[in-house]
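# Report on the structure
One-letter residues, chain by chain:
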Amino acid sequence: MIRAIRLALLLVAVVLLQTAVLPHLRIGGVAPEIGLVVTVGVAFTAGPSAGAIFGFAAGLALDLFLSTPLGLSAFAWSITGYVIGVVEGAVLRTAWWFIPAVTLLAGLVGGLLFVLLGAVVGEGQLWGWESLRTVVIAAVYDALIAPIVFPVVRIALHAADPRAAGRVGGQGW
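The present account deals with the structure reproduced in this document. On a predicted model such as this, the values are computed, not experimentally measured, just so you know.

Once that is clear, we can look at helix α1 (residues 2–21). Taking 1.5 Å of rise per residue, the 20 residues of α1 would be expected to cover 28 Å, and the 27 Å separating its terminal C-alpha atoms lies within 8% of that figure. Three or more residues of α1 are buried, namely L7, L10, L11, V14, V15 and Q18. Seen end-on, α1 carries its buried residues on one side only, within an arc spanning 140°. Of the exposed residues in α1, those oriented more than 90 degrees away from the buried face are I2, L9 and L16. The inward-facing, buried residues of α1 contact α2 (34–46), α3 (48–63) and α6 (129–156).

When we look at a pair of aromatic rings, we describe it by the centre distance and by the angle of the planes. One pass over the full model with this rule turns up 3 aromatic pairs. Measuring from centroid to centroid gives 6.0 Å for F44 and F98, while their planes differ by 45°, and the two rings are tilted. Taken together, the positions of F44 in helix α2 and F98 in helix α5 (residues 98–120) put the pair 54 residues apart, joining distant regions of the chain. Of the residues examined, F44 reaches a relative accessible area of 3% and is grouped as buried. Three or more aromatic residues link up through ring pairs in this structure, and these residues are F44, W97, F98 and F150.

The subject of this paragraph is the layout of surface pockets. Of the volumes computed, that of the largest pocket is approximately 790 Å³. Around the largest pocket sit 30 residues that line it, and A31, E33, L66, F114 and T134 are the ones nearest its centre. At the level of secondary structure, the elements contributing two or more residues to the lining of the largest pocket comprise α1, α4 (72–89), α5 and α6. For the lining of the largest pocket, the element with the highest residue contribution is α6, accounting for 6 residues. The class makeup of the residues in the lining of the largest pocket is 15 nonpolar, 12 polar and 3 charged.

Let us now look at the nonpolar core. What tends to happen in soluble globular proteins is that the nonpolar side chains get buried as a cluster. If you look at the biggest cluster of nonpolar residues, it comprises 41 residues, and the most contacted ones within it are V38 and F54. Elements represented by at least two residues in this core include exactly α1, α2, α3, α4, α5 and α6. If you tally residues by element for this core, the top one is α2, at 9 residues. The residues touching F54, leaving out its near neighbours within four places in the chain, are L7, L10, L11, G35, V38, T39 and V42.

In this model, α4 (18 residues) spans 26 Å end to end at C-alpha, consistent with the 26 Å of a helix rising 1.5 Å per residue. Among the residues of α4, L72, S73, A74, A76, W77, S78, T80, G81, I84, G85, V86 and E88 are the ones counted as buried. In this structure, the buried residues of α4 make contact with α2, α3 and α5.

Parameters at a glance
- Residues numbered from 1 in each chain as written.
- Predicted model: local features only at pLDDT ≥ 70, side-chain atom pairs only at ≥ 80, totals over all residues.
- Heavy atoms only, no water.
- Helix = DSSP H or I, 4+ residues; strand = E, 2+ residues; numbered from the N terminus.
- Expected span 1.5 Å × (residues − 1).
- Buried < 20%, exposed > 50% of the residue type's maximum accessible area, 1.4 Å probe, protein only.
- Arc of directions from axis to C-beta.
- Contact = heavy atoms within 4.5 Å.
- Phe/Tyr/Trp six-rings, centres within 6.5 Å; stacked < 30°, edge-to-face > 60°.
- 1 Å grid on protein atoms, 1.4 Å probe; cavity = no way out; pocket = protein on both sides within 12 Å on 5 of 7 lines; lining within 4 Å.
- Points joined across faces, edges and corners; volume = space filled by probe spheres on them.
- Nonpolar A, V, L, I, M, F, W, Y, C, P; charged D, E, K, R; others polar.
- Core = buried A, V, L, I, M, F, W, Y, C linked by side-chain atoms within 4.5 Å.

Right, here's the structure in full:
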């Protein structure tokens, strides 16, 4: 119960940061997707199920502020959170560069899923080189903020060891 409350508070913080602060910190006209970064942190710390659930909740909450169809970010981020959680379960050791690299990959996957799903549901304006540029810049920005965000997620989940938090035998590969 305490963990759910902490994740809910983290979700509120994500929405506030994404909508009120990060639009003023754009690089190349692109703001980072802190909701996706936190989703990756939750998936990395607590496993694929928690990553998928948090990704869905964060995406849905942030979809309320977008002009794209409701649920587009939620769907893309829940898939990304689940995949990152599964991949993390297969990793034995991590170097200092692993978290930014995984976040970069997750940013690319989540962004491309958003664009592709948007094109499938009729959001033709998402399909193009400008969207690809935006996805790449956002993914790099996400990777840069990941080392700051991940410790906050670990604290929120009260996990000193990222592999021990939320692990119940059999998760991962």
